[in-house]
Every structure is written in structure tokens, then in C-alpha cells.
Amino acid sequence: MTREEKSIAIENLTAQLAGTNIIYVSDISGLNAETTSNLRRACFKAGIKLEVVKNTLLAKAMEASANDYGDLPSVLTGNSAIFISDVANAPGKIIKDFRKKSDKPVLKGAFINNEIYIGDNQLDALATIKSKEELLGELIGLLQSPAQRIISALQNKFAGSEEEAEA
């Protein structure tokens, strides 16, 4: 790879990093072609971009980025692939699902909304993080519950008043 190609690759990675707040770094080496294809297909269906990257280029892109990746560049050893997503728990769920059949992918680390997670032991926590949509759904449900009780109470009160008026 020429110096110019490396520069272009770093610029592209920096642009990808700037466009998201959710990045998982994992090791997918050793997966056979069929399993890798299944992983890519699952990522595509979930709206996740999966890309195998060179560690030095990703480290330079992280350095050039406006985000603070903290210790995340320290996990960039061996083979690395990045999962870029709009949903915080989606890559974690896919990795966890694939780990039922194999010991790969191995989570190296993640950057989620300015929080850094290092190590494969974080996978369970990351897979259960509630997405923005799930949190909004719960919040709306909590807000609707008291309003529904008030409406129900008012309806019962008016229904009782109408029965008394008829009698």
C-alpha cells in the first residue's frame, strides 16, 4: 500500500468514525468463509457496517477524529474488524449470537456515546444496553400510564354521574 493509499484510507476511516458514536472492535480471524459470510449477512440485515481494518490506519483515524477514544487504540493488535452501528446494542447482540456456535468474534473493545469499553468480558453488558428507541418506548409508556388512569377514573366518574341522573 502506497503512502497516498494509506492517506486516503485514513481519511475514509476518519470520516466513518465522525459519522457515528457506536463502534465495536473485534477479532474475526479464524472464521471460515461460510461463517464470515453469515456474519456479514446478519450485520447487513441489522443495519451494521462490518469492515476489516488495518490496526495502524484505524489508530491514526481515531487520533485524527474529534472523538476521544481513550484506551481503545491499545486493543488494536492482531486482526481487527469494526462494527459501525446506529443502535448501541446491535453489534453486541450479533457477536453474542455468533458466539453460541463458535468462539469468535472476540470483542476487543467498543466506543458507545463517548464511553469506552475494553475487553471481551464487556460483551454481556453491551448486548443488554437499551437502545434509544427502547428507552423512548419505556418513557412514553411510563408517561402514558398515569394519563390513562386519570382518563379511566374520569370516565368512571362521569358514567356514575349519568347513572345517578337517570335514577
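Here, every reference points to the structure presented above.
Residues numbered from 1 in each chain as written. Predicted model: local features only at pLDDT ≥ 70, side-chain atom pairs only at ≥ 80, totals over all residues. Heavy atoms only, no water.

A.B. asks: Help me understand the pattern of salt bridges in this model?
C.D. replies: Note that side chains of opposite charge can pair when their charged atoms are close. Scanning all chains against the criterion turns up five salt bridges. Glu51 serves as the salt-bridge partner of Lys49, at 3.6 Å between the closest nitrogen and oxygen. Here Glu51 falls in the partly exposed class, since its relative accessible area comes to 24%. (Salt bridge = Lys/Arg side-chain N within 4 Å of Asp/Glu carboxyl O. Buried < 20%, exposed > 50% of the residue type's maximum accessible area, 1.4 Å probe, protein only.)

A.B. asks: In this structure, what is going on with the sheet that holds strand E4 (residues 106-112)? I would like to understand it.
C.D. replies: Taken in spatial order, the five strands make up an open sheet running E2-E3-E1-E4-E5, and their pairing is antiparallel. Only two strands of the sheet have a single neighbouring strand rather than two, namely strand E2 (49-53) and strand E5 (115-118). Each strand axis lies, on average, 20 degrees off the axis of its neighbour in the sheet, ignoring direction. In the sheet, strand E1 (residues 22-27) pairs with E4 via six bridges, with the strands oriented antiparallel. Bridging across to E4, Ile22 finds its partner in Ile112. The strands touched by helix H2 (residues 33-45) are E2 and strand E3 (80-84); relative to E2, the strand with the most contacts, the crossing angle is about 135 degrees. Strands in contact with helix H4 (residues 90-98) are E1, E3 and E4; relative to E1, the strand with the most contacts, it is inclined by about 25 degrees. (Pairing = 2+ DSSP bridges. Helix = DSSP H or I, 4+ residues; strand = E, 2+ residues; numbered from the N terminus. Axes fitted to C-alpha atoms, helices over the stretch in contact; angles between N-to-C directions. Contact = heavy atoms within 4.5 Å.)

A.B. asks: Is there a simple way to explain H4 in this structure?
C.D. replies: Residues that lie three or four places apart on an α-helix share one face, since the helix turns once every 3.6 residues. Here H4 has its buried residues at Ala90, Pro91, Gly92, Ile94, Ile95 and Phe98. Its buried side turned inward, H4 meets E1, H2, E3, E4 and helix H5 (123-127).

A.B. asks: When you look at the nonpolar core in this model, what are you seeing that I'm missing?
C.D. replies: When a protein is soluble and globular, its nonpolar side chains tend to lie buried together. Membership of the largest hydrophobic core comes to 20 residues, with the highest contact counts inside it found for Tyr24, Leu39, Cys43, Phe83 and Ile112. Contributing elements (two or more residues each) for this core: E1, H2, E3, H4, E4 and H5. Top contributing element to this core by residue count: H4, with four residues. The contact partners of Cys43, leaving out residues within four places of it in the chain, are Ile48, Leu50, Phe83 and Ile94. The next biggest cluster of nonpolar side chains, apart from the first, holds 18 residues, and it includes Ala9, Leu72, Val75 and Leu76. (Core = buried A, V, L, I, M, F, W, Y, C linked by side-chain atoms within 4.5 Å.)

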